[in-house]
Each structure stands twice: as structure tokens, then as C-alpha cells.
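Close look at the chain arrangement
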Amino acid sequence: MQKQSRYSNSQLHGLLLLMMSCYYNIVPLLGAQNASSTGLIEVDVGLILDLDDILGKMSHTCISMALEDFYASNLQTRTTKIVLHTRDSKNDVVEAASAAIDLMRNVQVQAILGLQSCNQADFVIDIGNKTQVPIISSASSPSLSPKDNPYFIRGAQNGSSQVQSLADIVKAFSWREVVLIYENTEYGRGIGPYLADSLLGVGSQVRYRSIMSLSATDDNIQKELYKLMTMQTRVFVVHMLPSLASRFFLKAKQVGMMNKGYAWIITDGLTSRLDSVDPKVIGLMQGVIGVKPYVPNSSELQNFTERWRKRFRRENPDVDRFELNVLGLWAYDSAMMLAMAVEISGVAQSKFKKPVSTSNLVDLAAIGSSEMGPRLLQSIKNTRFQGLSGEFDLVDGQLQPLAFQIVNVIGKGEREIGFWTRESGISKELILASNRNYTTNKEDLGAIVWPGESNLVPKGWEIPTGERKLRVGVPAKSGFAEFVKVKMDSETNAVIATGFCIDVFKEVVDHSLPYAVPYEFVSFESDRSGSYDDLVNQLFLGNYDAVVGDVTILANRSRFADFTLPFTESSVAMIVRIQDDERKNAWIFMKPLKMDLWLTTGAFFIFTGFVVWVLEHRVNEEFRGPPHKQVGMIFWFSFSTLVFAQKEKVISNLSRFVVIVWVFVVLVLTSSYTASLTSMLTVQKLQPSVTDIMDLKKNEEYVGYQTGSFVDGLLKRETFNPSKLRNYSTFEDYDEALSTRSVAAIIDEVPYIRLFLANPKYCTKYTMVGPICKTAGFGFAFPKGSPLVPDVSRAILNVTEGGKLTQIQHQWFGEEAKCAEQDGAKVTSGSLDIESFKGLFLVAATSSSFALILFLSIFLYDNRVILASNNSSLWQKLIAMAKNFDKEKEKTSDASKKTKLANEGMAVAADCPQSPTTNSSRLAEWIYIPDEGFASTETNTPIHETIEIVETSEER
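So, a few notes on the structure that sits alongside this text. (Residues numbered from 1 in each chain as written. Predicted model: local features only at pLDDT ≥ 70, side-chain atom pairs only at ≥ 80, totals over all residues. Heavy atoms only, no water.)

**What about the overall build of the protein?**
- Counting secondary structure elements, the protein contains 33 helices and 33 strands.
- Buried residues in the protein amount to 49% of all 956 residues.
- In the protein, the proportion of contacts linking residues at least 24 apart, taken out of those at least 6 apart, comes to 72%.
- Taken as a whole, the protein presents about 47,600 Å² of accessible surface, with 54% of it coming from carbon and sulfur. (Helix = DSSP H or I, 4+ residues; strand = E, 2+ residues; numbered from the N terminus. Buried < 20%, exposed > 50% of the residue type's maximum accessible area, 1.4 Å probe, protein only. Contact = heavy atoms within 4.5 Å. Areas by Shrake-Rupley, 256 points an atom, 1.4 Å probe, with all protein chains shown as cover.)

**Notes on the sheet that holds strand 16 (residues 404-410)**
- Read across the sheet, eight strands follow the order 7-6-8-9-10-16-17-18 without closing on themselves; strand pairing throughout is mixed. Of all the strands in the sheet, the pair left with one neighbour each is strand 7 (205-212) and strand 18 (425-427). Sheet twist, expressed as the mean angle between neighbouring strand axes with direction ignored, is 30°.
- With two bridges connecting them, strand 9 (residues 263-266) and strand 10 (residues 289-293) associate as parallel partners. (Pairing = 2+ DSSP bridges. Axes fitted to C-alpha atoms, helices over the stretch in contact; angles between N-to-C directions.)

**Looking at the side chain of Gln398**
- Relative to the elements of secondary structure, Gln398 occurs in strand 15 (residues 398-399).
- Here the side chain of Gln398 touches Arg154 through a polar contact of 2.8 Å, side chain to side chain. (Polar contact = N/O pair within 3.5 Å; in protein donor to acceptor, adjacent residues only side chain to side chain.)

**With respect to the sheet that holds strand 14 (residues 390-395)**
- Judged by pairing direction, the sheet is mixed, and its eight strands sit side by side in the order 2-1-3-4-5-15-14-13 without closing on themselves. Edge positions in the sheet fall to strand 2 (80-88) and strand 13 (384-387), since each of these pairs with one other strand and no more.
- Lying over the sheet, helix 4 (residues 118-131) contacts strand 3 (111-114), strand 4 (135-137) and strand 5 (152-157), oriented at roughly 155° with respect to strand 4.

**Some words on the nonpolar core**
- Counting 54 residues, the largest nonpolar core has Val517, Phe521 and Phe780 as the members making the most contacts within it.
- For this core, the leading source of residues is helix 15 (residues 500-512), giving seven residues.
- Not counting residues up to four positions away in its chain, the partners in contact with Val517 are Trp461, Ile463, Leu470, Val509 and Leu788.
- Membership of the second largest hydrophobic core comes to 48 residues, among which are Ile82, Trp308, Val326 and Leu376. (Core = buried A, V, L, I, M, F, W, Y, C linked by side-chain atoms within 4.5 Å.)

**Focus on the packing of aromatic side chains**
- Considering all chains together, one arrives at 41 aromatic pairs under this definition.
- The ring of Trp461 carries Lys459 above its face, with NZ or CZ at 5.6 Å from the centroid.
- The side chain of Arg726 reaches across the aromatic face of Tyr702, ending 4.0 Å from its centre. (Phe/Tyr/Trp six-rings, centres within 6.5 Å; stacked < 30°, edge-to-face > 60°. Lys NZ or Arg CZ within 6 Å of the ring centre and 35° of its normal.)

**Topic: helix 12 (residues 299-315)**
- Counted at 1.5 Å a residue, the expected span for helix 12 with its 17 residues is 24 Å, and the 24 Å between its end C-alpha atoms agrees.
- Of all the positions in helix 12, only Leu301, Phe304, Thr305, Trp308, Arg311 and Phe312 are classed as buried. Each buried residue of helix 12 sits inside an arc of 145° when the element is viewed along its axis, so together they form one side. Along helix 12, exposed side chains directed more than 90 degrees from the buried face belong to Ser299, Lys310 and Arg314.
- Tucked into the core, helix 12 has its buried residues touching helix 2 (54-72) and helix 13 (326-345). (Expected span 1.5 Å × (residues − 1). Arc of directions from axis to C-beta.)

**Some details on the pairing of strand 28 (residues 725-728)**
- Relative to strand 28, strand 27 (residues 703-706) runs parallel, the two sharing four bridges. Looking at strand 28, one finds that Gly704 is bridged to Arg726.
- Regarding the hand of the β-α-β motif, the stretch spanning strand 27, helix 21 (residues 711-717) and strand 28 is right-handed. (Right-handed = clockwise from strand over helix to strand, strands pointing away.)

**Notes on a nonpolar patch on the surface**
- Where nonpolar side chains cluster on the molecular surface, the patch consists of Ile606, Val631, Phe635 and Phe639 and spans about 330 Å² of accessible area.
- Counting residues per element, the nonpolar patch draws most heavily on helix 18 (residues 627-640), at three residues.
- When you line up the elements, Val631 lands in helix 18. (Patch = residues over 30% accessible without salt bridge, like charges linked within 9 Å, V, L, I, M, F, W, Y side chains within 5 Å. Salt bridge = Lys/Arg side-chain N within 4 Å of Asp/Glu carboxyl O.)

**Some thoughts on the packing of helix 3 (residues 93-107) against helix 4**
- Relative orientation of the contacting elements helix 3 and helix 4 amounts to 25°, with a least axis distance of 8 Å. What the angle tells us is that helix 3 and helix 4 run roughly parallel. Crossing of helix 3 over helix 4 shows right-handed handedness. Contacts between helix 3 and helix 4 involve Val93, Ala96, Ala97, Ala100, Ile101 and Met104 from the former and Asn119, Gln120, Phe123, Val124, Ile127, Gly128 and Thr131 from the latter.
- Here the residues of the contact of helix 3 with helix 4 sort into nine nonpolar, four polar and no charged. (Parallel < 35°, antiparallel > 145°, perpendicular 65-115°, else oblique. Left-handed = near helix turned anticlockwise from the far one by under 90°. Nonpolar A, V, L, I, M, F, W, Y, C, P; charged D, E, K, R; others polar.)

**Some words on unusual backbone geometry**
- In this structure, Pro771 follows Gly770 across a cis peptide bond, with omega equal to 10°.
- For Gln108, which is not glycine, the phi torsion reads 55° and is therefore positive.
- Assignment of secondary structure puts Gln108 in the loop between helix 3 and strand 3.
- Its identity as a non-glycine residue notwithstanding, Arg741 has a phi of 60°, on the positive side.
- Owing to a relative accessible area of 59%, Arg741 belongs among the exposed residues under this scheme.

**Here's the deal with helix 16 (residues 531-541)**
- All buried positions along helix 16 are accounted for by Ser531, Tyr532, Asp534, Leu535, Val536, Gln538 and Leu539.
- Contact partners of the buried residues in helix 16: strand 19 (470-475), strand 22 (519-524), strand 23 (546-547), strand 24 (562-563) and strand 31 (781-782).

**Focus: the environment of Asp168**
- With respect to the secondary-structure elements, Asp168 resides in helix 5 (residues 163-172).
- Judged by relative accessible area, Asp168 falls into the buried class, the value being 2%.
- In sequence terms Asp168 and Trp420 are 252 residues apart; their C-alpha atoms lie 8.7 Å from each other.
- Residues within four places of Asp168 in sequence aside, it is in contact with Val202, Trp420, Ile426, Tyr438 and Thr440.
- A polar side-chain atom of Asp168 sits 2.4 Å from a polar atom in the side chain of Tyr438.

So this is what it looks like as C-alpha cells:
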């Protein structure tokens, strides 16, 4: 019986297929006869819509009117005519797929329109790729890509094209986090990754994703909304279609999430369909912001809208609320585009190319492939025209957005508040010019009424109702109570925190934030030296909501938490002892000048002495004599100027010029030396014992640091020996370690060091050296992405600029101690170096060199006869000139006397006959003698004898 029953069912199924085959084979024949009678080639096109849905009914009317309008114009030039074969998908994926297979197998349609559901389109697109039938759908999910599906034509904009407009709205109102709520469908899931990326690009993020099932009950929706209320984020982006969105906003109103402080943004899928949403639901959505594609107004659009209303009312008298939207316009333009493409491509009566074997009737391959599909597809992609929705231009198989309209749900509908374009960003008026600056300012939007009929912009987050207070972690430590101190209330067991950092936090949160933030302090204790890193890490672990204290902002800590702006300046420096042993140094007299200045000064002493000797050697008896006497004179004369004790007179004017300049140089040098040495002997006791951190490492000194400070890691990164590092917890520990020389220096942050040196007990013994590195300062820490960070940072600026921070500092730290030792330590004298006297030595070198060059020029000119001689070698010339240089130059008075006596001798000789010997000896003067070089006349000539007699008489 069972086999017979199955056999009967098989027969029935086969009979049904046979009847359908006969029916759909007869229809094309009738169509052919009709085509021949009208003279137009009829092209079969499928239309799959959900005819029970308001959008399906709207699209059906628009597509029908589009074909009628196309063929009503220029009918004489038309060669083809589209014949629509409509199927009802009944809002079911299987029904849509069955309808598509039916249309391809039995009607052999050349294209399929409709398929507004993403789930339905996904199945049919795969079928179209295999059968080469173009599928023109308005499904907007980014997961359906025309690039991956060559026969998919998106007659709408990609859903991802709106995400940047949504992100810019979030940026305009400085919201750091949003919650994305979407339906669990292909349409809902597709936008998530794109929106997350766009939000990251503007400094925001998707904090949480709430997925709503289409089959969710009201209780499920309400439960999810209560969960969202427990979160801090108050900005919600809703990506749903009207059917689920209507129930969602109804429950959101009931649980109190449509009140003041909340911000709701809806995507184009819902914004474009607001006209079809129940007016009661619209009343619940007051204050919602939405975006939708902009449709330029035109007379053609107004005329079509009037005609559409009349026809839609006639075809659907049971529909009470209906308005034409952009989805209907896209359906109209898609049908118009297909009709143009069919006409241009010259599609003739075409059949599907069947496969060789068709034995398997359920196999899609049995349908075959459209012969005209590739040509029609190319014609569709090349079609461009001005449609009712604007310019209809397919790029990569889909429409490109012109602009998005930003609306605010108010009253019974929506109100335009601005526009967004890819070139200009947000603007109050539509601006399509590409040369305008890109802006995302909230001032560029119109007035907005927010949920709860509020005019105040929601800050984007709230402390969740009914949740615990903000848990603020504070470090518990034994020392440095001026910065932060933690103790327990004996009665309530509550944590009581005091100190400079705590008072700053209270001033910022309690008096400077524009809203109330309840909080409670939680004590944090750690036995590890890196306790502050552990404290910040508690934020990453979710144990605290904030960390307050003397917490330094560091790069490695910012990986786990977000810091506010610093409320103190800070850097790292050293506390070292003040030493007074320098005056006991036996060689302290050498310290006023550095070695380079000592050597330079000595070299100039020798050089100046040499120059004066050269200038004075020929004319000054005191600079003549044996070689050892002359060398001694060079050193004696120049060094005696150091104490201005030189007794030798200088005769040459050039020498006098050199000596005057050099005495001035010596005066400056001695005065500077005296001042520096005096300073060292009187102020040098305030010199720090250590001036460079590298000296500590090189000498392997013990170094101290504050317990729990990041300085420990800093010193280890500087390759300090860990065994040489010691940690201390109080100022008393600092004093003991330094005074007993347990450590050579304490390295800590400047705020602690200043507080330490403000104590008169310590400022007389220690001083600060540095800073040795810069840090960002103290700041408050919050979890990554916390919306409190920008508001608290702005509040810190207000407290700082208002002077309240200075008052808190004076309250906890008081005035700095007035220590003469500290003031003196800042003016300690150092050794002088060559850099301070470069100009002085340049003047001395220039003057001495000038005098020396001038003397040599005159000397060479006087000996030009020797230089011009061609009968001697260079060496012989040098020897002759050296002898002339060594010969004492006659004084002017002595020379005049010798000239007078010589003239008298010549006059006497003139009365007597001159012997040939005399004449020849006079001519023989400066004749070169091979054995003796250049020489004058012999000393036994009459003239020389006369001169010698005169000189003898003068000496007598």
C-alpha cells in the first residue's frame, strides 16, 4: 500500500510538471503571434515581488507605469516591447527561488526585476549567474556584491555608502561610542563591519552590537533593551526594516529609553520608509535622527507622484497610509533602464541554450543559459539617463550616491536638518561643489529636537541607572601623603582618600563637569615594586572604572588605559649631596681654566715672545747676545708680562704695537682667572656631588628610587646594574640613605623632589640635578574608550586656568623653603674654556702676525740685492740674509755721524791723487767672494780707516 501510494504521488507530480510545461510552451507561441501582429518584438521579463507588502505593491505600480511611459513615448521608433511576468514571493526565500526557476525554465525570461529582500535576492542572483540572466534588484546589503556576481545589477545604492555620513554625525556631536542594533538578516548584518571601520576613522567605536531576530517576541526585545540600559553608552544606531523597528521603538518607549539623554540614529532602510510606518510608532520616535538618499525635486517627479497616487489608490483601495519614496523611484528608473537597454541591444526572440543532457529535471543546468544575456547585460551597464531619482548611472553594477539627507523625526513626520556629501561632509544646505572644505561641525546642522523634547545635545553616555558607583582605584602607600593618602573609616569601613591628587580629582568631577558622576574610592595595595603598573592594569581587567593618584602618564601604560590631560608638569631628576671638599684640593689653582685654555695661553705666550724678539733683535742690545741668552729672553719677556714685570725697553714701533695688544690680553686673562678662582674658593662648596647620571653608572654607584615608581624600569633600561638599585618609601628614608652614603643619588620625579627640598631640614644638605628626562606628568586613568576622558580633560583645563589648581598646591605643599644653599648651588662656578676667549686670542694672533709680516716685508726689501743675485744658490742667499738679520742695525744718530765723517774723508782725498788701489777697492764693495759669500770692501780702505778712527775717538 505504501509503495502504491508513493507511485501515485510520483504520477501526480509528473502530471503536474507536464501540464506546466504545456502551458508555458503555448504562451510563447501566442506571444509570437501577438508580436507579429503588432510589429514589435516582445521580450519576456520576470518581476518577483512580495505583493502583500506595501513596498512590493508600490514597486509593482512604479514598474508598470515606467514601462507604460517608456512605450507611450515615440512609439513609432520602438522595435521591442517588454512583457512582464509577475510572481509573488510571499515574503519567502523558497517561493522567490521557485518563482525565478519557473520564469527561467518555462517562460525563458531575459531579465528579472524586483527581489527587494536581500535573502531572496541572494538565492536568485546565484541562479542568474548560472543562467546568464541579469537580475536587477534593489537589495542594498553590502554582502551582495556586483563585482562577485557579474549578472547582478543593483538598482539602488549600496548600504555601505551611508556609513560615512553616520560616522560624521557621531563625530559632529563628539560621541566616542555607539551601540549598533540590527536585525539578524542578510540586510542587517551587512553594514556592521563598514560602520565600525568608519567610526574608528573619526575616533569613535562600536561599543556593543545588539542583534535582533525577526522572530523575537516583545519580551525578548524588552530584555535586550534592559541590558542596553545597564551600559554607559547612550548613542544607538538602529539598522532595521519597519516591521521589526516598529515593535522595537514601541518597547524602547515603554522602558524609558526615548527620554532625555538618549540619542537614536536610524539608517536609510528605515528613514526612507517612515511614510509607511504606523503614525503611533512615529509618535514614539520623536527626536530620532535619520539619513536617507537625497532625491532632487523636479517637475517630472511632481507630475509622476500625482499620477502614482491616483493609480495606487485605485489598485490598492485597502491601503490607508501610503507615500511614494526613493525605493519606488528606483524601481521606476530600473524598469526604464531595462526597457532602454532592451531597445538598444536589439534583443530578438531568444531562447535558452539547452544543455546536451536534460534528464535531471531538478538540476539548474537543465534550464540552460540565455543566448542574449551577455549582450543585454552589457547594454544595461552602459545605459545612463536622468531618472526620477536623479542621475541613473551604474558604476561597478550599482548606483552611486549623490548626497544624503539628514532628517529629525518631529511631530507626525520628519524635518530636514542638513545634508551630507562625500566631497563636503555635513552642511545645512546642499553643496555639491568639490572645492568646499570638508566639515563635520554640529553647527552646520539645523535645530534638532532630541528625545524627551530636549534641546540639549546628549553627551553620549550616562552612569547606568541602578548600577554601582564609579569605582575609583587609589594607590595605598606609607609615604608621600601630601600627594595621596588612603585610610579606612573605622565605622563604615569606607575608603577615605586625601591628598593633592585626590583634591584635584574632586574639584574636576564635583565642580567642573557639566553632569554628576557618583563615585567611590577603592584602595589598591600591591607588594610588587611595579605597583603603579599593576594599578593601571586593573582598568584593563575591568576591576576599576578609573584610577586616581600620583600616576605618571607613560607610553606603556597608555596601551591598557586612556589618560586625561596631565594636571602637573613632571620630569625625572636626581637628589644628590652638596659637597664642600673642593677647597681642600692642592691643585685647585689649576681648575679656573680648562686644559685647552691653559695650552692655548702658553702657546700664545711663546708666540708673542718670539715675535717681539724678531722685531727687536737687530735694533735692541737687550735682545742680542749668545743664543741661550736670546732664547731665555723670548720666554722671559713674554711671561713677565703676566705680572707686568718686564724691564726691557722695546724700540721698534711694531714691537710696541704687539706688546700693547698682548698686555691687554694678559689683563683680561688674569682678571678672569682671579675671578674664577675666587668664586671656586668661596662658592665651590655648593657644588653637587654628582652632576651626570652616566657617572653613576660608570662608577657603579648605588642609586635609590621611590618604591612602586616607574623609575625602576627606567634605570634598568639605562643598563644600570639591578643589584645597585635600592627603593625607599618616605622622605626620611631618602635623607638617611643620602646622609649615610648608602646611595650616591636618589632618582625621582620633580614634584617629589621639590616637596623634599622644600623642607628646611633637607634643603641645606641636598640639591636637585637635572632633569635627566622628560615625562608627561600626572594624569587620571580610565578604561580604553571611556567617554569620560575628553570631558574630564576639558574640566582639568578649566581648573588649571581658573587658578583653583594653584590654590590646591599651596594648600598641600605650602611655599618653597628659602635656602641660601639652594640659591647658591644654582650659581656655582665652572672652569673657563677656550670658547669664552676665542675673540681675544684672534685679536692677539692678528696683531702679532701683522707686525711680523710687515717686518719681514721691509727686511726682504732691504736685502733685495741679495735676492736678485743670479750668481748664488738659494742656500747661499739664505745664509747671507741670516747674517744680515743677526747683524745689529745701526741707530739713526750713529749713522749720521758716520756719514759726515766719511764725507770729510772723501774731501781730503780729493785734494790728493787717488791711487788705483783706492778706486778699485771702492768699486769692489758688495762683490761676491766665493769663499765668504757676499762681502763689502776691505777694512783697510781709506774710508773704512777713517770711520774706524772716528769710532775709536768716540769711544775714548
